[in-house]
Amino acid sequence: MAKTIQTIEEKSIWEDARQMLRRAEKEGIETAWDRLVQQTPHCSFGESGVCCRLCTMGPCRVSKKAPLGVCGADADVIVARNFGRFIAGGSAGHSDHGRDCIEALHAVAHGETDDYTIKDEAKLLRIAAELGIAVDGRGVLEVAKDLSELFFANYGSQLEELSFLSRVPAKRKAIWRNLGITPRGVDREIAEMMHRTHMGCDNDAANTMLHSARTSLADGWAGSMIATEVSDILFGTPSPRKSLANLGVIKKDQVNILVHGHNPIVSEKIVEAVNDPELIALAKEKGAAGINLAGLCCTGNELMMRQGIPMAGNHLMTELAIVTGAVELIVVDYQCIMPSLVTVGNCYHTKMVTTADKAKFAGAEHVKFEMDNGMAQAKKVVRMAIDRYALRDQARVEIPEGPVELVTGFSNEFLLEALGGTVTPLLDAIKAGKIRGAVAIVGCNNPKYQQDFCNVNLTRELIKKDILVLVTGCVTTAAGKAGLLVPEAIEMAGPGLKEICGSLGIPPVLHMGSCVDNARILQLAALLADELGVDISDLPLAGSSPEWYSEKAAAIGTYCVASGIYTHLGHPPNITGSEVVTNLALTGLDELVGACFGIEPDPFKAAELIDERIKLKRRGLGLGE
Ligand code: SF4
Ligand code: MSK
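This write-up is about the structure you can find in this document.

**Remarks on the pattern of salt bridges**
Then comes step 1: Throughout the structure, instances matching the rule amount to 46 salt bridges.
Then comes step 2: Among the salt bridges present, the one from Asp 535 reaches Arg 172, with a minimum N-O distance of 2.6 Å. Of this pair, Asp 535 sits in the loop between α22 (518-532) and β14 (541-545) while Arg 172 sits in helix α8 (residues 170-179), placing them 363 residues apart in sequence.
Then comes step 3: We note a salt bridge from Asp 517 to Arg 520, for which the minimum N-O separation is 3.6 Å.
Then comes step 4: Looking at Arg 520, the relative accessible area reads 3%, which means it is buried.

Take a look at the structure:
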């Protein structure tokens with residue numbers, strides 16, 4: 001992690017970002033990097049997790065001089081409680097997104113909306129049958145009713161077992177059972193975490209940490225997995241398609257609309273609206289050559305995976321996209337949307353539109369999307385964007401050049417089909433050492449790092465070592481801009497990976513979706529383990545989030561580890577104030593769940609660390625290194 005980022009070159013590895021940073025500086029526009037400087041140095045109590053604000057006898061911050069809070073809580077208890085709430089926050093984010101997807105499926109099934117339909121009926125029937133719902137001789141909507149009810153039930157506490165635990169290998173389930181961390185209802189685990197961390201409840205740090213694992217598992221194997229599967233059912237299961245990434249996807253002569261957030265329910269309607277002939281004609285009447293739609297962050301990933309909509313940028317590019325001066329409107333759903341976007345937009349003609357009552361932004365216009373008005377609201381938003389076009393100051397427009405080509409859309413369904421319907425060919429390649437292992441590199445940007453330096457370099461180093469890389473979230477844009485998401489990138493891979501990906505015509509780095517789509521990776525890991533008759537922790541797999549920032553990323557890392565996948569992070573969560581919690585995260589969990597966290601800010605050293613783990617797992621399976 002860069003300690004003191006000063007120059008524009010130190011802020012980002014990308015020319016499009018640097019160009020916009022120079023422009024922001026010239027125009028006096030403040031960005032996340034400027035605010036990071038204002039916030040530095042960070043409070044060391046907060047950074048190490050020993051600041052407790054859970055009651056009004058405090059706040060307490062413990063130190064050597066004052067090792068206990070007013071209630072008597074020590075550093076271990078305070079750190080574990082803070083971490084537990086952090087994980088609950090991230091799990092709530094993914095899972096509530098999943099709940100919104102179920103509501104859409106439920107509305108479709110009950111005929112309450114004409115705006116949404118079931119695009120992948122085959123997947124609906126397949127998932128329903130997988131989960132024990134009768135499908136033979138029944139109408140699609142009847143099955144959808146039952147499936148949506150079953151998914152809703154995953155959020156309560158009535159089910160004996162979460163639906164998708166049927167996908168978890170038996171050995172993994174036994175580990176969870178023995179530790180008492182088999183996840184129950186999604187809402188139950190999150191609520192219990194809030195309860196446990198109230199003053200005077202769970203005052204055993206290790207016990208609280210185990211519940212963090214349980215809460216995150218409810219996210220990974222239920223909230224996120226349901227979000228992914230229902231999104232595929234409603235909007236189509238992704239398959240490979242070409243797209244483009246970087247700020248060059250914004251067009252000088254068109255009305256530019258950016259979609260940002262996570263849930264495709266709003267943005268899929270915007271895609272339809274921008275293709276409406278009447279609205280295109282209206283844009284032309286107003287002097288634009290057409291309407292251009294591009295994505296940001298994970299809503300961008302969702303649209304890119306299914307529709308090939310180009311990606312303007314990842315987390316730290318969101319303010320900079322506005323600095324092009326060519327964005328008429330940003331429409332957002334929720335999560336990872338900096339409140340500063342309203343302010344930056346006000347420096348130009350850029351309007352910000354919010355769509356969810358749970359994510360309003362002061363200064364933005366709220367256009368509430370509901371199940372029965374999605375199309376009408378999407379058209380309204382596009383009209384608003386067209387109206388803004390006349391307000392654009394063309395003299396202030398500066399758009400970086402040269403979007404980069406990429407290939408997206410690698411769902412498990414596509415991978416299995418490409419492999420002939422089974423994971424056996426992939427396992428054969430792993431056994432032969434042609435693919436030595438697989439690593440999911442996921443997560444965010446964080447202005448404490450040079451943007452995407454770690455994301456890109458770790459990816460490059462791993463493919464050189466014949467390790468297949470799977471990307472989701474904001475790492476996708478980094479890998480795409482670096483030219484790693486095209487089949488030609490096999491030239492940067494080791495000989496074995498080059499041979500296998502070359503024969504399949506796929507890139508050595510596969511884009512598998514948004515943050516919730518890490519569930520696809522969990523499912524793939526489970527399929528591999530089942531095929532070999534081993535536990536997930538026996539496989540030569542790892543996860544990594546080099547430049548993470550969010551509670552959601554921490555939840556993903558935690559469910560990866562609790563599922564048996566060693567996970568590298570560029571920096572630790574705010575837990576270093578407790579030896580008990582830190583040791584548990586870095587080593588203790590290995591004994592309990594067969595995986596732990598590794599911390600390494602340097603991507604080259606991180607690649608070695610991950611490679612060691614892959615070697616260890618290969619040896620364990622009796623495979624050559
Ligand atoms: Fe302080 Fe205990 Fe209250 Fe936390 S719960 S603020 S440590 S008194
Ligand atoms: S959007 S959680 S910055 S990946 Fe999913 Fe990107 Fe991280 Fe948000």
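**Observations concerning helix α19 (residues 453-464)**
Then comes step 1: Here α19 spans 17 Å end to end across twelve residues, near enough to the 16 Å set by a 1.5 Å rise per residue.
Then comes step 2: Residues Cys 454, Asn 455, Val 456, Asn 457, Leu 458, Thr 459, Glu 461, Leu 462 and Ile 463 constitute the buried set of α19.
Then comes step 3: Positive backbone phi, at 60 degrees, marks Asp 466, one or two positions downstream of α19.

**Observations regarding the site of ligand 1**
Then comes step 1: The local shell around ligand 1 consists of Cys 52, Leu 54, Cys 55, Met 57, Gly 58, Cys 60, Gly 69, Val 70, Cys 71, Ile 78, Arg 81 and Met 199.
Then comes step 2: For the shell around ligand 1, the per-class residue count stands at nine nonpolar, two polar and one charged.

**Digging into the packing of aromatic side chains**
Then comes step 1: Taken as a whole and assessed by the stated rule, the structure comprises six aromatic pairs.
Then comes step 2: Centroid distance Phe 86 to Trp 548: 6.2 Å. Interplanar angle 75 degrees. Geometry classified as edge-to-face. Here Phe 86 is found in helix α5 (residues 75-109), whereas its partner Trp 548 is found in the loop between β14 and α23 (551-562), with 462 residues between them in sequence.
Then comes step 3: The class for Phe 86 is partly exposed, based on a relative accessible area of 22%.
Then comes step 4: Measuring from centroid to centroid gives 5.7 Å for Phe 410 and Phe 414, while their planes differ by 70 degrees, and the two rings are edge-to-face.
Then comes step 5: Using a relative accessible area of 22% as the deciding quantity, one classes Phe 414 as partly exposed.
Then comes step 6: A cation over a ring is seen here: Lys 269 above Tyr 116, with NZ or CZ 5.0 Å from the ring centre.

Conventions adopted
- Residues numbered from 1 in each chain as written.
- Chains lettered and ligands numbered in written order.
- Predicted model: local features only at pLDDT ≥ 70, side-chain atom pairs only at ≥ 80, totals over all residues.
- Heavy atoms only, no water.
- Salt bridge = Lys/Arg side-chain N within 4 Å of Asp/Glu carboxyl O.
- Helix = DSSP H or I, 4+ residues; strand = E, 2+ residues; numbered from the N terminus.
- Buried < 20%, exposed > 50% of the residue type's maximum accessible area, 1.4 Å probe, protein only.
- Expected span 1.5 Å × (residues − 1).
- Near = heavy atom within 4 Å.
- Nonpolar A, V, L, I, M, F, W, Y, C, P; charged D, E, K, R; others polar.
- Phe/Tyr/Trp six-rings, centres within 6.5 Å; stacked < 30°, edge-to-face > 60°.
- Lys NZ or Arg CZ within 6 Å of the ring centre and 35° of its normal.

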